[in-house]
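Geometric and topological summary
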Number of protein chains: 2
Amino acid sequence: MINEIYKNMLQGKSIIRELSEYAAIRGKEIGYDNVFDFSLGNPSVPCPRNYTDSMMGMLKEEDPMALHGYSPSLGIESVRRAVADSLNRRFAMDYEVKHIFMASGAAGALAHAFRCVTRPGDEILTFAPFFPEYTPYVNLSGARLKVVPADTKKFQINFGALEEMMNEKVMAVLVNTPNNPSGAVYSTETIERLAEFLRGKQTEYGHDIFLISDEPYREIVFEGADAPYVSKFYDNSISCYSYSKSLSLPGERIGYVAVNPRCRDAEILAVMCGQISRGIGHNCPASSVQMAVARVLDETSDLSVYETNMNVLYDALVRLGFEVVRPGGTFYIFPKALEEDAGVFCMKAKKYDLILVPSDNFGVPGYFRMAYCIDTKKVRRSLPVLEKFVKEEYGL
Amino acid sequence: MINEIYKNMLQGKSIIRELSEYAAIRGKEIGYDNVFDFSLGNPSVPCPRNYTDSMMGMLKEEDPMALHGYSPSLGIESVRRAVADSLNRRFAMDYEVKHIFMASGAAGALAHAFRCVTRPGDEILTFAPFFPEYTPYVNLSGARLKVVPADTKKFQINFGALEEMMNEKVMAVLVNTPNNPSGAVYSTETIERLAEFLRGKQTEYGHDIFLISDEPYREIVFEGADAPYVSKFYDNSISCYSYSKSLSLPGERIGYVAVNPRCRDAEILAVMCGQISRGIGHNCPASSVQMAVARVLDETSDLSVYETNMNVLYDALVRLGFEVVRPGGTFYIFPKALEEDAGVFCMKAKKYDLILVPSDNFGVPGYFRMAYCIDTKKVRRSLPVLEKFVKEEYGL
């Protein structure tokens, strides 16, 4: 019998996908160059040349049975070691092979982390604004996602709201910094305060509370941003990483779970991930992709375009009178809409072929997200259109 | 809090993996050439040259952003179309794009199929001997796996036992043909009888019963075997396929779910798979792998070695007095052990550096599995050792 849970999910369409589909259709009418599509968070720079060269080299030289052979269920050992070494080098951590589980991107990593440290019915807290896919990710794992209202001043953490929502059923707290959609990076002060708060609650409740850190944008951090490595500040922590953005390989589905060596049961969490995989049909990233990524681990794509775009866009938005927090990273910006209903605001922008995403799905009303992972020239070309839109619709 | 379900699973070690680890260690002592390792079902022939060439060509010529870009959640449309066309050509089916969901190998495909057509607490029946991973695959989906005792005469289906175990809670029946571990291929007669039986039960119970067909060995079929395409015989059917064996790409994790166009809700099952993915963190196979496989869809590796090995091994086993069903496909053979306890039998064989897998985990006591996806010369070299073992231990 058809499972009604999944059948009913077919009703709910993603607003981001709808907008990006609209942009594609509109692009066919008037030329995609004339559609200012800020809807999708898709990398706009190619992967490093070394990735391509590594893959070609292996295809030429390696035994195809080794290159395409089964990966152990936790990932290829040499790749896990390379990941641990790289993290240790960069963040002065002490990961060992046993703490690393190779996952098919951040979505795969999070699916394992949630199941490791929660049981059905447990709560996971996250902070608005948040990536809307967290809701199905968490809820279909059996846990329940609860969203702490935003600190709209700086898009750090609203600790008052956190305190109110914290309760004994919370077994994990999920953070995403640098943040999609706000572009904010949690400061050392924010992370320290969160860690202290959680340690207190662990003592008070007499059980562990895990901090799950979703870090696909970790490498996209702008000048001057204070971007601490979350796991340094809290023992019971799990980092979930993806190479989608840093290496521009979103379709190759590769990332990892890194279990804090100082967390409870640090010895077994990665092995537990291997068991979880059997239930959810997860398989490691493609073997050849694991091996190629391991060869370019400390590289990134040329990510500078995102900072250039952010500066262009931020300055223009401020000039036009928008209330906006300057992003510390990612390729998103999250200004306040010029009227209460962000949906109406974005609908009006659509008439100018400006494709903006209203904030409601991100857990904050009245804002909009712009994904500026597009060509800088196009960002510049969008500015007069943005100005025209604001002038005509809001008389600014 | 650590999830005890997965923690407790750490106790149970796979006997196959233990034996293969033993073989590797023993290989270091006496040279792996001298260990007759029949433990693992790992392809022993390389992928087709065209796969490598296609991948190299794309790496050279394609835009890296397209090659490594996000795949839609159901798979790349052109790849899904190519899969549908290939199945239609080969099996006179009428699949359309909307019936195909690209999955990360058969494990990924099965995880989706189980969740599509069962709800927690429902039963899925399968037939001994069976791939032991089915137990965690099914049970962790929330459904319950029940195993119908084997037809040990021919390793077709024991219909008497099926009739006894069938009940209203059964929402799906899982078949694996060609079969791991027996090597048997279900005949047209078997499939027709099963289909008729299930149609009768659907009417009797007033609900659908889905037939889930796990087909990673579909391309490894030997001369004279009657190997029908399961979905031709039963409308409510879902094929789960993997390219691991046919293209020797087990580590690249690519396969698909093919929803029978005539099944209930055929229009939405693949889209439901996309929703299921959000919960289990499944992501499509790597984009580049999808595209490369689409270019070699009607090819296979040179699979002839498996039939050669089967013939060598089957003749020797018969000559030595084993009771054994001649495999119609796969790279496994499943003879009866020479004493009641297959574990003891395999333990004795180990002394001769013959690594055989006892049958208990496959749901049949008293047999053993040999995976002959190894070099033919090594299979031949194993025969005098097998003879020595049998003579010395059992006086045959």
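Residues numbered from 1 in each chain as written. Chains lettered and ligands numbered in written order. Predicted model: local features only at pLDDT ≥ 70, side-chain atom pairs only at ≥ 80, totals over all residues. Heavy atoms only, no water.

Overview of unusual backbone geometry
Across the junction of A:Thr177 and A:Pro178, the peptide omega takes the value -10°, indicating a cis bond. The topology assignment puts A:Pro178 in the loop between strand E5 (170-176) and helix H9 (188-205). Cis peptide bonds are those with omega within 30 degrees of zero, and the linkage from A:Asn180 to A:Pro181 qualifies with 20°. By secondary structure assignment, the location of A:Pro181 is in the loop between E5 and H9. The backbone phi angle of A:Ala92 is positive, close to 50°, even though this residue is not glycine. Residue classification places A:Ala92 among the exposed residues on the basis of a relative accessible area of 60%. For B:Phe155, which is not a glycine, the phi torsion comes out positive at approximately 55°. Tracing the backbone through its elements, the reader meets B:Phe155 in the loop between strand E4 (144-148) and helix H8 (159-165). (Helix = DSSP H or I, 4+ residues; strand = E, 2+ residues; numbered from the N terminus. Buried < 20%, exposed > 50% of the residue type's maximum accessible area, 1.4 Å probe, protein only.)

A word on the nonpolar core
Residues A:Ile212, A:Leu269, B:Ile212 and B:Leu269 are the most contacted members of the largest nonpolar core, which totals 74 residues. Among residues more than four places away in sequence, those in contact with B:Ile212 are B:Leu110, B:Ala113, B:Phe114, B:Val117, B:Ala172, B:Val173, B:Leu174, B:Val175, B:Ile238 and B:Cys240. (Core = buried A, V, L, I, M, F, W, Y, C linked by side-chain atoms within 4.5 Å. Contact = heavy atoms within 4.5 Å.)

Considering helix H10 (residues 269-280) of chain A
All names here are of chain A. Over its 12 residues, H10 runs 16 Å from end to end, which matches the ideal 16 Å to within 8%, given 1.5 Å per residue. Within H10, 10 of the 12 residues are buried, which leaves the element mostly enclosed by the surrounding structure. Restricting attention to buried positions, one finds in H10 the residues Leu 269, Ala 270, Met 272, Cys 273, Gly 274, Gln 275, Ile 276, Ser 277, Gly 279 and Ile 280. Positive phi shows up at Gly 281, right after H10, with a value of about 70°. (Expected span 1.5 Å × (residues − 1).)

Points about the interface of chain A and chain B
On the chain B side, the residues contacting the 72 residues of chain A number 72 residues. Each partner contributes to the roughly 6000 Å² buried at the junction of chain A and chain B, and carbon and sulfur atoms together form 61% of this total. When the buried area of chain A at its contact with chain B is split by residue, A:Met1, A:Tyr70 and A:Arg278 rank highest and sum to 14% of it. Viewed at the interface, chain B and chain A are joined by two salt bridges. The interface formed by chain A and chain B includes 26 residue pairs in polar contact (both at pLDDT 80 or more). At eight residues, the largest contribution of residues to the side of chain A that touches chain B is made by H10(A). Of the residues assigned to the side of chain A that touches chain B, the class counts are 36 nonpolar, 23 polar and 13 charged. (Buried area = accessible area lost by both parts, 1.4 Å probe. Salt bridge = Lys/Arg side-chain N within 4 Å of Asp/Glu carboxyl O. Polar contact = N/O pair within 3.5 Å; in protein donor to acceptor, adjacent residues only side chain to side chain. Nonpolar A, V, L, I, M, F, W, Y, C, P; charged D, E, K, R; others polar.)

Looking at the side chain of B:Asn236
Summarising the element assignment, B:Asn236 is placed in the loop between strand E6 (210-214) and strand E7 (237-242). In this structure the side chain of B:Asn236 is engaged in a polar contact, spanning 2.8 Å, whose partner is the backbone nitrogen of B:Arg264.

Points about helix H13 (residues 342-350) of chain B
Residues and elements named next belong to chain B. For H13, the full list of buried residues reads Ala 342, Phe 345, Cys 346 and Ala 349. End-on view of H13: buried residues confined to an arc of 95°, all on one side of the axis. Looking at the buried residues of H13, the elements they touch are strand E10 (354-355), strand E11 (357-358), strand E12 (368-371) and helix H14 (376-394). N-capping of H13 is provided by Asp 341, with a side-chain oxygen placed 2.8 Å from the backbone N of Gly 343. (Arc of directions from axis to C-beta.)

Here's the deal with the pattern of salt bridges
One side chain can pair with another of opposite charge once the charged atoms of both are near each other. Within the structure shown, the criterion is met by 44 salt bridges over all chains. Here A:Asp94 ties to A:Arg262 by a salt bridge, and the two come within 3.6 Å at their closest N and O atoms. On the criterion of sequence distance, the pair formed by A:Asp94 in the loop between helix H5 (77-91) and strand E2 (100-103) and A:Arg262 in the loop between strand E8 (255-259) and H10 is long-range, its members being 168 residues apart. The salt bridge partner of A:Glu133 is B:Arg278, with a shortest N-O separation of 2.7 Å. With A:Glu133 in the loop between strand E3 (123-127) and helix H7 (134-139) and B:Arg278 in helix H10 (residues 269-280), this pair bridges two chains. Residue B:Arg278 is classed as partly exposed on the basis of its relative accessible area, which comes to 22%. Members of the salt-bridge network, linked through shared partners, are A:Arg90, A:Glu215, A:Arg218 and A:Glu219.

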